[in-house]
Amino acid sequence: MSNPLTNEAIYRQNLASIIACLQRGCKDEQLLGVEFENILVKSGSFEPVTYSEPNGVLEVLRRLSAHYDSLLTEDGHVLGLASDTCEERVTLEPGAFVEYSSAPLQTVGQVEQAFRKFRKQLLPILDDLDLSLAELGYHPSARSRNMELIPKKRYLAMDRYLTMFGRFGSCMMRCAAALQVNIDYSSEADAVRKIRIATGLAPLLALLTDNSPIFEGRRTKQHMARTMVWANYDATRVTVVPGTFDDDFGFRRYAEYVYNMESIIVPNGADWRYSGEETFAEAYADTPMTNDDVMHALTMVFPDARLKGVLEIRPADALPLPYALAYVALIKGLFYSETSLTVLEEELAGLTENSVEQAKRLLVRDGFAADLSKLEGYGTASRTPREWLVHLFDLASCGLDDSESIYLQPLLGVAERGQTLAQAYSGFVPSVRKIPRIGILPRYSMDHTAMQVGLGYINAVLEAGGIPMIIPSTDDPTLIQALVDEYDGFIVPGGHDIDPINYRSRRSEDIGDLCPERDIMELVMVPMIVDADKPLLGICRGHQVLNVSLGGTMIHDINKAFPDKLEHMQEPPYDHREHEVVFVEGSKLGALMGAKRLRVNTLHHQAIDKVAPELRVAAWSEDGLIEAVEAPDKRFVYGVQWHPEFLWPKDYTHRRLFRRLVQESMKS
């Protein structure tokens, strides 16, 4: 039966549902909710700890579960813990950071008690697993594109979208850690007042809590690395909420902002549907939103001040506990004091969306030396950033009693010195992290006068965080071994047929163009790479070379041998998917790609016949040809008959293949 409501009526109904959710948040309580993300590292080395590795984050959750009532799971994966008696939760951020969320509490002292209790549960587990906390706002050793995501569909979908459209999407998703304080609002007017003040103060609060001395494995030369990441990864989603400083701003304007935002992912029954650039208004054009749908939509926008039944204040880096408690006290003293709110409302009058964004840029570039005096809303008192922050502490201390104002001291010292924790950091400083070099074997031009490598291979490696290197051609085994030793990972691309003499078969009229120079080098080099257990990805001819070099054989021509097979030589465009491949159950490649079936392109007239002893079939085409092989005893040795170098720009699954190649190459 068709929905009796028109699209316009559903639009109004869904907008009303979002507004109603915001209205239900109005309450006279003045509680504090705190969400604290904790980066786990391996003791001593500060190397990343993944979700799935032995004695990794999953094991930490398993042991912590003794202190909680419920497991939070998705598709059988444990992704968090919850208490049945209060709102206390432990969840995982995308890069497997452990987030502790307190129940709403009244005092900073209660927040301290809750966090110390959690630390008392967590730290012995970490000690036993030889892990540590890195109390920083950005991972101290990892490069984001080489960090494993936890198996949560929402995060996988967000990663697919943000890494396609955002410059720093993978950085935000995987390596940034935050401290968030949630406060109550009593009415729509109170919410508007507080969101404006929080938005205006966000650049200064980000400077105050700058605790990111290391960015992408190197000591950072600028300020507020986490703010810089947020500001550059998805402009429509993280900037000041449009209209925040307009006279008519309120719940309706905020709801319209959320409802017309790109949705990325929406619930689909018990599962999720990737919706990409489709807005929530488009995704729900024919469907009334449930309360769960509304809450999901409210969590898919990321401004520094966000409404979600509470006001979430989000610009702070994760901090060491005394500084974190100082920040909680500062927020309470500013936002739960009528005097503080009145003073700030007057002092920040004249703020614009542009002046807030400009303040961020100046503070990222210049830190405490930034000049904000010419920006609307910041310049009336002609204060330096240091003077602004000291002033905020003066206001907050007046809004707190003596038992809570004492908590302000650690961060007050940061403000008075005009030196952030990131600047003063003297802890672990990583050596310059090696960026893996991926050797790409070249193909020869048809007249054998030039060597060339397709841009698809080069750009895929660059996107994955590696350095693509074109390997020179040689038939000298000593030089070939030196090249194997020199590079961290390898790609063997498509190209000419392999001379059948190399797999003890006679040449036939079905053989295409040959390239003896490639045969000589690749059939020697590939076994050396496999023996060295260095990552190798063979594509089309490279897939076939992998098989032949280890003792397998080939079908000379598919159409001649099997006239009833599909056409495997497609015409351009080569990013068009022509047929489906099915991964063998239990294959490493299927697990890596996160798929059981996959539509692929196809550009070959030969196929593997007998599989080499060291390899096994990883995928079949729908017409029964071997489409992928793998070396089960090696870290990363795969051959695929299709051409992922044409597919990855628009296909997250194939981007994941190149990223894993680079990740594994970092270990070489």
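Because the structure is predicted, anything quoted here is derived from the model rather than measured.

(A) Broad picture of the sheet that holds strand S14 (residues 437–440). What the 9 strands build is an open sheet, ordered S17-S14-S18-S19-S26-S25-S24-S21-S22; its pairing is mixed. Looking at strand neighbours, the two that pair on one side only are strand S17 (467–470) and strand S22 (597–600), the edges of this open sheet. Neighbour to neighbour, the strand axes of the sheet diverge by 20° on average, direction disregarded. In this sheet, strand S26 (residues 637–640) lies alongside strand S19 (residues 536–539) in parallel orientation, the contact comprising 4 bridges. Within S26, the residue paired with leucine 536 across the bridge is valine 637.

(B) Local environment of the packing of aromatic side chains. Overall, the coordinates contain 10 aromatic pairs when judged by the stated rule. Ring centres of phenylalanine 36 and phenylalanine 115 lie 5.6 Å apart, and the angle between their planes is 45°; this geometry places the pair in the tilted category. Taken as a pair, phenylalanine 36 in strand S1 (residues 32–42) and phenylalanine 115 in helix H3 (residues 108–128) lie far apart in primary sequence, 79 residues in all. Relative to phenylalanine 118, the ring of tyrosine 100 has its centre 4.6 Å away and its plane inclined at 20°; by these criteria the two rings are stacked. Here tyrosine 100 is found in strand S5 (residues 98–101), whereas its partner phenylalanine 118 is found in helix H3, with 18 residues between them in sequence.

(C) Structural context of helix H21 (residues 516–531). Between its first and last C-alpha atoms H21 spans 23 Å; for 16 residues at 1.5 Å apiece the expected length is 22 Å, and the two agree. Most pronounced at glutamate 522, the bend in H21 amounts to some 25°. Within the span of H21, buried status applies to Arg518, Asp519, Met521, Glu522, Leu523, Met525, Val526, Pro527, Met528, Ile529 and Val530. Elements in contact with the buried residues of H21: strand S15 (443–444), helix H20 (477–486), strand S18 (489–492), S19, helix H22 (541–549) and S26. One or two residues past the end of H21 sits aspartate 533, with phi positive at roughly 55°.

(D) Representation of unusual backbone geometry within the structure. For the peptide bond that leads from proline 572 to proline 573, omega is 5°, which places it in the cis range. As for its position among the elements, proline 573 is in the loop between helix H23 (558–561) and strand S21 (579–583). Its identity as a non-glycine residue notwithstanding, arginine 504 has a phi of 55°, on the positive side. Turning to its location among the elements, arginine 504 is positioned in the loop between S18 and H21. Located in the positive-phi region is cysteine 540, a residue other than glycine, with phi close to 55°.

Rules and cut-offs
Residues numbered from 1 in each chain as written. Predicted model: local features only at pLDDT ≥ 70, side-chain atom pairs only at ≥ 80, totals over all residues. Heavy atoms only, no water. Pairing = 2+ DSSP bridges. Helix = DSSP H or I, 4+ residues; strand = E, 2+ residues; numbered from the N terminus. Axes fitted to C-alpha atoms, helices over the stretch in contact; angles between N-to-C directions. Phe/Tyr/Trp six-rings, centres within 6.5 Å; stacked < 30°, edge-to-face > 60°. Expected span 1.5 Å × (residues − 1). Bend = angle between axes of the 7 residues up to and from the residue. Buried < 20%, exposed > 50% of the residue type's maximum accessible area, 1.4 Å probe, protein only. Contact = heavy atoms within 4.5 Å.

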